[in-house]
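# Analysis of the macromolecular model
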Amino acid sequence: TGQINGWEKHFQRHVEAPTSFFKERRALLEEFPLLKAQGIHVLEVGSGNGSNVLPVLRHNPSATIHATDPSPTAVEDTRRRLIEAGLSDRLTTEV
């Protein structure tokens with residue numbers, strides 16, 4: 001639980017930082033072309049703040065993702081980012 005608490009503190013510290021720690025990982029789709037497949041369902045374990053989730057859903061309109069992370073702050077930040085992007089209907093999350 002010490003490591004999980006460390007990650008929770010990390011995400012709490014960065015969620016409201018003046019400079020965003022969040023960096024959307026757009027290159028992921030080039031590194032893993034399967035993420036562009038029609039109707040793909042993805043499970044991301046250790047999703048953090050959604051930096052992998054957002055580009056997949058943004059660039060693959062038929063993809064769905066279930067994202068999990070032990071940090072409640074990270075999961076809430078992921079949900080918030082996907083709501084702001086209008087993509088939350090294809091995302092489920094779990095702590």
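Attention in this report is confined to the structure presented alongside it. Here the structure is a predicted model, which is why all the values come from computation and not from measurement.

### Brief notes about the sheet that holds strand S3 (residues 91-94)
If you walk across this open sheet you meet the 3 strands as S1-S2-S3, and the pairing is parallel. Strand pairing shows two members of the sheet lacking a second neighbour, strand S1 (41-45) and S3, which therefore form its edges. Along the sheet, successive strands turn relative to each other by an average axial angle of 15°, direction set aside. Pairing geometry for S1 and strand S2 (residues 64-68), over 5 bridges, is parallel. Bridging from a neighbouring strand, Glu 44 pairs with Ala 67 of S2.

### Observations regarding the pattern of salt bridges
One pass over the full model with this rule turns up 5 salt bridges. In this structure, Glu 84 and Arg 80 form a salt bridge, with 2.9 Å as the shortest nitrogen-oxygen distance. On the criterion of helical spacing, the pair formed by Glu 84 and Arg 80 is a turn pair, its members being 4 residues apart in helix H4 (residues 72-84). Of the residues examined, Glu 84 reaches a relative accessible area of 58% and is grouped as exposed.

### Topic: the pairing of S2
Where a strand is regular, its side chains alternate between the two sheet faces. Where the polypeptide runs from S1 across helix H3 (residues 53-59) and back to S2, its parallel neighbour, the crossover connection is right-handed. Judged from the 4 bridges that link them, S2 and S3 form a sheet pairing that is parallel. Each bridged residue has a counterpart across the sheet, and for Ile 65 the counterpart in S3 is Leu 91. Tracing the backbone out of S2, into H4 and back to the parallel element S3 gives a crossover that is right-handed.

### Digging into the side chain of Ser 47
The topology assignment puts Ser 47 in the loop between S1 and H3. On the accessibility criterion, Ser 47 (5% relative accessible area) is buried. Ignoring anything within four residues of it in the chain, the contact list for Ser 47 reads Ala 67, Thr 68 and Asp 69.

### Observations concerning the nonpolar core
Membership of the largest hydrophobic core comes to 14 residues, with the highest contact counts inside it found for Leu 35, Val 53, Val 56, Leu 57, Ile 65, Leu 82 and Leu 91. Those elements giving two or more residues to this core turn out to be helix H2 (28-31), H3 and S2. In contact with Leu 57, other than residues within four places in its own chain, are Ala 63, Thr 64, Ile 65, Leu 82, Leu 87, Arg 90 and Leu 91.

Analysis parameters
Residues numbered from 1 in each chain as written. Predicted model: local features only at pLDDT ≥ 70, side-chain atom pairs only at ≥ 80, totals over all residues. Heavy atoms only, no water. Pairing = 2+ DSSP bridges. Helix = DSSP H or I, 4+ residues; strand = E, 2+ residues; numbered from the N terminus. Axes fitted to C-alpha atoms, helices over the stretch in contact; angles between N-to-C directions. Salt bridge = Lys/Arg side-chain N within 4 Å of Asp/Glu carboxyl O. Buried < 20%, exposed > 50% of the residue type's maximum accessible area, 1.4 Å probe, protein only. Right-handed = clockwise from strand over helix to strand, strands pointing away. Contact = heavy atoms within 4.5 Å. Core = buried A, V, L, I, M, F, W, Y, C linked by side-chain atoms within 4.5 Å.

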